[in-house]
Amino acid sequence: SDSYITQSRGWLPDANGAVLWYAPYAAPYSIFTPFAAGMKFLMHATLGNHMRLDKKTLFWAFRYLGNYVQLKYEEMIREVAAFQKRTMEANLELQTYIDGLIDEGEDIEKALELYSTNANTIWAETWDLCDHLMFKHADGQLHSTPANSQHGTSTPPRQFSDKGVTTKDAEIVDQPGYRSVWLES
């Protein structure tokens, strides 16, 4: 289910003083995304619901993420939490920036459009994270990804024997198998 946080800042103009922080899916897997009361429209990404698959919406990006993470929660949730932290910090910086623009006399509607741009960026980055987690944890293995990329979806090429066994760069893919606790139950 979705979650909301309302923020009322009476010392600011109504257009940007009232902000809805919207998480369209379960909070552990969503990003609370800010939308100011003065926005004239909301983009299509905010319209998703459980009755129709629409991968162009925040709801389905986060629902996909949440459902996939539950398959290997312990391994994946750390990356989701890091993504949430990084994105929340960026959201707060954006809010401060927008408030500053409006305070300096910038056109309110133009400044508030940055919230829409931000929501679309979060949508795209969430799908990037989904793709990264799918690649990294595919087939129960653990595929390493480049350390310098935010969400890697490729590994360097490996060399194989004629029987398909990795002969070089075996550390690229780890086959962790089942945990002993699970095997003993």
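The structure presented is a predicted model; accordingly, all values stated were derived computationally and were not measured.

K.L.:
Any chance you could explain the overall build of the protein chain here in plain terms?
P.N.:
Regarding its fold elements, the protein chain presents five helices and seven strands. Counting from the amino terminus, the protein chain carries its helices and strands in the arrangement β-α-β-β-α-α-α-β-β-β-β-α. Here the protein chain, with 185 residues, has 37% of them falling under the buried criterion. In the form shown here, the protein chain has an accessible surface area of approximately 11200 Å², with 55% of it arising from carbon and sulfur atoms.

K.L.:
What should I look at first to understand the pattern of salt bridges in this one?
P.N.:
Side chains bearing opposite charge may pair, as long as their charged atoms lie close to each other. Applying the stated criterion to the full structure yields five salt bridges. Here Asp-99 ties to Arg-9 by a salt bridge, and the two come within 2.6 Å at their closest N and O atoms. One end of the pair, Asp-99, is in helix α3 (residues 73-103); the other, Arg-9, is in the loop between β1 (3-8) and α1 (14-17), and 90 residues separate them in sequence. On the accessibility criterion, Asp-99 (13% relative accessible area) is buried. Note that Arg-52 is salt-bridged to Asp-54, the shortest N-O span being 3.6 Å.

K.L.:
Looking at this model, I keep getting lost on the sheet that holds β1. Mind explaining?
P.N.:
As a general point, the strands of a sheet are linked pairwise by backbone hydrogen bonds and lie either parallel or antiparallel. Here we have three strands laid out as an open sheet, ordered β1-β2-β3, and antiparallel in their pairing. Every interior strand has two partners, whereas the edge strands, β1 and β3 (33-36), have only one. Neighbour-to-neighbour, the strand axes of this sheet turn through a mean angle of 25°, independent of strand direction. Bridge count for strand β2 (residues 18-23) against β3 is four bridges, and the pairing is antiparallel. Each residue of the ladder has a partner; that of Val-19, found in β3, is Ala-36. Of the strands in this sheet, β1, β2 and β3 are in contact with α3, which crosses β2 at around 160°.

K.L.:
How do you make sense of helix α2 (residues 58-69) when you look at a structure like this?
P.N.:
An α-helix turns once every 3.6 residues. As a result, residues three or four positions apart point the same way. Under the 1.5 Å per step criterion, the end-to-end length of α2 is 16 Å for twelve residues, consistent within 8% with the ideal 16 Å. Most of α2 is tucked away, with nine of its twelve residues classed as buried. When α2 is considered as a whole, its buried residues turn out to be Leu-58, Phe-59, Trp-60, Ala-61, Phe-62, Leu-65, Gly-66, Tyr-68 and Val-69. Looking at the buried residues of α2, the elements they touch are α3 and α4 (108-136).

K.L.:
Would you mind showing me how to read the nonpolar core here?
P.N.:
The nonpolar side chains of soluble globular proteins are, as a tendency, buried together. Residues Leu-65, Val-69, Leu-112, Tyr-115 and Leu-133 are the most contacted members of the largest nonpolar core, which totals 39 residues. When near neighbours in sequence (up to four residues on either side) are disregarded, Tyr-115 contacts Val-19, Pro-34, Ala-36, Met-39, Leu-94, Gln-95 and Ile-98.

K.L.:
Looking at this structure, I do not really get α3. What am I missing?
P.N.:
Relative to the 45 Å expected for 31 residues at 1.5 Å per residue, α3 spans 43 Å between its end C-alpha atoms, a close match to the ideal helical length. Positive phi shows up at Gly-105, right after α3, with a value of about 95°.

K.L.:
Is there a simple way to think about the packing of α2 against α3 in this case?
P.N.:
To characterise two packed helices, one gives the angle between the axes of the helices and the distance between these axes. Contact geometry of α2 with α3 gives a least axis separation of 9 Å together with a crossing angle of 145°. Contacts from Leu-65, Tyr-68 and Val-69 in α2 reach Tyr-73, Met-76, Ile-77 and Val-80 in α3. Here the contact of α2 with α3 is built from residues that sort into seven nonpolar, no polar and no charged.

K.L.:
Would you mind showing me how to read the environment of Ser-3 here?
P.N.:
With respect to the element layout, Ser-3 can be found in strand β1. Distance in space between the C-alpha atoms of Ser-3 and Ala-23 is 5.1 Å, their sequence separation being 20 residues. In this structure, Ser-3 is in contact with Trp-21, Tyr-22, Ala-23, Tyr-25, Ala-27 and Phe-32, ignoring residues within four places of it in sequence.

Parameters at a glance
Per-chain numbering applies: the sequence of each chain, read as written, is numbered from 1 onward. Residue-level local features of this predicted model are given only where pLDDT is at least 70; pairs of side-chain atoms are given and counted only at 80 or more, and the full residue set underlies all totals for whole chains, interfaces and linings. Here the side-chain values reflect all heavy atoms present in the structure, with hydrogen atoms and water set aside. Strands are runs of DSSP state E lasting at least two residues, helices are runs of H or I lasting at least four, and both sets are numbered from the N terminus onward. Burial here depends on accessible area, computed with a 1.4 Å probe over protein chains only, as a share of the maximum for the residue type. Under 20% is buried, over 50% is exposed, and the range in between is partly exposed. The protein chains shown are the only cover counted for residues, whose accessible areas, like all others here, come from Shrake-Rupley with a 1.4 Å probe. Just to be clear on terms, a salt bridge is a Lys or Arg side-chain nitrogen sitting within 4 Å of an Asp or Glu carboxyl oxygen. Being paired, for any two strands, means DSSP has found at least two bridges between them. Think of each axis as a best-fit line through the C-alpha atoms, taken over the contacting stretch in the case of a helix, with angles from 0 to 180 degrees between the N-to-C directions. Only heavy atoms matter for contacts: two residues are in contact if any of them lie within 4.5 Å across the pair. A helix is expected to reach a length of 1.5 Å times the quantity of its residues less one. In this description, a nonpolar core means a group of buried Ala, Val, Leu, Ile, Met, Phe, Trp, Tyr and Cys residues linked to one another through side-chain atoms lying within 4.5 Å. Each residue gets one of three labels, nonpolar for Ala, Val, Leu, Ile, Met, Phe, Trp, Tyr, Cys and Pro, charged for Asp, Glu, Lys and Arg, and polar for the others, Gly among them.

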